[in-house]
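Take a look at the letters that make up each chain.
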Amino acid sequence: MFKKLKRNFIKMFRELLVYHHSSLEYRAKVLTLMVSSNEVIDACEEQALKEIAHTIYFDDEERAELLIDTVKEYHDKIITENGLDFEHLVQEVEKESRAVSRYVEKIDFALLERLHRCMKEEEDIIFQQRILEFLQMLKEEYGTKREGS
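Right, let's walk through the structure included here. (Residues numbered from 1 in each chain as written. Predicted model: local features only at pLDDT ≥ 70, side-chain atom pairs only at ≥ 80, totals over all residues. Heavy atoms only, no water.)

**Some remarks on the overall build of the protein**
What the protein contains, in helices and strands, is nine helices and zero strands. For the protein, the proportion of its 149 residues judged to be buried stands at 42%. The long-range fraction of contacts in the protein, counting pairs at least 24 apart against all pairs at least 6 apart in sequence, stands at 74%. With the model as given, the accessible surface of the protein reaches about 9,100 Å², and the carbon-plus-sulfur share is 52%. (Helix = DSSP H or I, 4+ residues; strand = E, 2+ residues; numbered from the N terminus. Buried < 20%, exposed > 50% of the residue type's maximum accessible area, 1.4 Å probe, protein only. Contact = heavy atoms within 4.5 Å. Areas by Shrake-Rupley, 256 points an atom, 1.4 Å probe, with all protein chains shown as cover.)

Right, dumping it as structure tokens:
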């Protein structure tokens, strides 16, 4: 009971209480693009999302759970049309990618592929492939320039 209450409190005030909350939210937005390509987060996507969060934050259980909760929150807002739609989320990811180039380095296609493998319907596969192409374009366009590149 206390753990759930604490999680809900942190979710409500994550901007104030969570270290590097904007980085976590950027990751959540990218993951939400993937899971919101169809309207339901199925069991496969749920498991993949959990694995991805714990891979990213392998040493911080609470942060991994917060990432999952944030993805679900964004997804619910899109599905219920409660202050966020898919196109707006795409625009936010692009705007944040342009503004903070180090965020783009957080796009990990190996991890996103785990979600992509969950797709069963041809339309969903194609739509998600377009999302991956969009993210690749962001990475190429706004990613930090390495020496020798």
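**Side note on the state of the cysteines**
Here, disulfide denotes a covalent bond that connects the sulfur atoms of two cysteines. In the structure shown here, the tally under the stated rule is one disulfide. Sulfur-sulfur distance for the disulfide between C44 and C118 comes to 2.1 Å. Looking along the S-S bond of the C44-C118 disulfide, the torsion reads about -75°, which is the left-handed sense. Remark: C118 occurs in the loop between helix 8 (109-116) and helix 9 (122-142) and C44 occurs in helix 4 (residues 43-56); sequence separation between them is 74 residues. For C44, a relative accessible area of 33% puts it in the partly exposed group. (Disulfide = S-S within 2.5 Å.)

**Remarks on the pattern of salt bridges**
Overall, the coordinates contain five salt bridges when judged by the stated rule. Linking E96 and K29 is a salt bridge whose minimum nitrogen-to-oxygen distance equals 2.5 Å. Of the two residues, E96 is situated in helix 6 (residues 86-99) and K29 in helix 3 (residues 21-35); the sequence distance between them amounts to 67 residues. Just as E96 is buried, K29 falls in that class too. Between D42 and K120 there is a salt bridge, with the nearest N and O atoms lying 3.7 Å from each other. Here D42 is found in the loop between helix 3 and helix 4, whereas its partner K120 is found in the loop between helix 8 and helix 9, with 78 residues between them in sequence. (Salt bridge = Lys/Arg side-chain N within 4 Å of Asp/Glu carboxyl O.)

**As for unusual backbone geometry**
Where the residue is not glycine, phi is negative for most of them; where a peptide bond is considered, it is trans in most cases. Positive phi is not limited to glycine here, since E81 has a value of about 55°. Residue position: E81 is located in the loop between helix 5 (61-79) and helix 6. According to the relative accessible area criterion, E81 is exposed, its value standing at 71%.

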